[in-house]
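Reading the structure
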Amino acid sequence: AGTPEDKMRLFLIYYITSAQPPSETDLDQYKKALEDAGCSLAPLNYIKQWKAFAKMAAAPANYGIGATKSKGLLSRVMNTGSQFVMEGVKNLVLKQQNLPVTRVLDSLMEMKSNPETDDYRYFDPKMLRGNDSSIPRNKNPFQEAIVFVVGGGNYIEYQNLVDYIKTKQAKHILYGCTELFNAAQFVKQ
């Protein structure tokens, strides 16, 4: 079940996380099965090279002073590279940035004054009729909202709203759109 990419991802997870890598005969059988499933073997070849490189960097230095120096240099390069990658991941993961839809929703639900939302119309059937300037706004924050995007919505906006809801315990939000896009629809072939 799944696409060839899913099958390759699953095998790569197994290959990377296994304590003892499969033998060459087993690996050849896996490769044949993956090729029969329509998978490209380029990711597997890359991961094999990566694991061999990492194994070289972690190998004990039994080859004299020159090998010790190169191993030390290689280890430092690998460790520094790993630190840069982890810092990049931390920057992506730890920063909670709200998308425009979430910022607008937060301003409206919390009744905050914001230049983005100051021009939004406010309609409350409970309030008396009058001109626009005389409509008193409700000062209590809203607990429920419906967010509907006319045009293309996406999972990232939805996930950002879900994360926002988690920080605001009692809020309920419904998300909808006229068209939903996924990542594969943006890839040009």
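A short tour of the structure in this document, coming up. Only a predicted model underlies this, so the values are computations on that prediction, with no experimental measurement involved. (Residues numbered from 1 in each chain as written. Predicted model: local features only at pLDDT ≥ 70, side-chain atom pairs only at ≥ 80, totals over all residues. Heavy atoms only, no water.)

1. Some words on the packing of aromatic side chains
The condition is simple: Classification of ring pairs uses Phe, Tyr and Trp, with its six-membered ring standing for Trp, and accepts pairs whose centres are within 6.5 Å; under 30 degrees between planes counts as stacked, over 60 as edge-to-face, and the remaining range as tilted. Only runs of H or I of at least four residues qualify as helices and only runs of E of at least two qualify as strands under DSSP, and these elements are numbered from the N terminus. Only protein chains enter the accessibility calculation, which uses a 1.4 Å probe; a residue is then buried when its area is under 20% of its type maximum, exposed when over 50%, and partly exposed in between.
Per the counting criterion, the structure on display carries six aromatic pairs. With 6.1 Å between their ring centres and 65° between their planes, Tyr14 and Tyr30 make a pair best called edge-to-face. Of this pair, Tyr14 sits in helix H1 (residues 4-17) while Tyr30 sits in helix H2 (residues 24-36), and the two are 16 residues apart along the sequence. By relative accessible area, which is 35% here, Tyr14 ends up partly exposed. Residue classification places Tyr30 among the partly exposed positions, given a relative accessible area of 33%.

2. Points about the pairing of strand E1 (residues 144-154)
Heads up, the condition is: Being paired, for any two strands, means DSSP has found at least two bridges between them. The handedness of a crossover follows from its direction of travel: if, with the strands pointing away from the viewer, the path from the first strand over the helix to the second runs clockwise, the crossover is right-handed.
Sheet topology note: the E1/strand E2 (residues 172-181) ladder contains nine bridges and is parallel. From the neighbouring strand, Ala145 faces E2, where its bridge partner is Ile173. You can see the chain leave E1, run along helix H6 (residues 155-167) and come back into E2, and the turn it takes is right-handed.

3. Some points on the nonpolar core
We apply this condition: Among buried residues, the Ala, Val, Leu, Ile, Met, Phe, Trp, Tyr and Cys ones that are joined through side-chain atoms within 4.5 Å form a nonpolar core. Here, residues are in contact when the closest pair of their heavy atoms is within 4.5 Å.
Met8, Phe11, Leu12, Tyr15, Leu27, Leu34, Cys39, Leu41, Leu44 and Ile47 form the largest nonpolar core, which has 10 residues in total. Secondary-structure elements contributing two or more residues to this core are H1, H2 and helix H3 (42-58). Per-element tally for this core: the top contributor is H1, with four residues. Non-local contacts of Leu34, meaning those with residues more than four positions away in its chain, are made with Lys7, Met8, Phe11, Cys39 and Leu41. Within the second largest apolar cluster, nine residues are counted, among which are Leu105, Leu161, Tyr164 and Tyr175.

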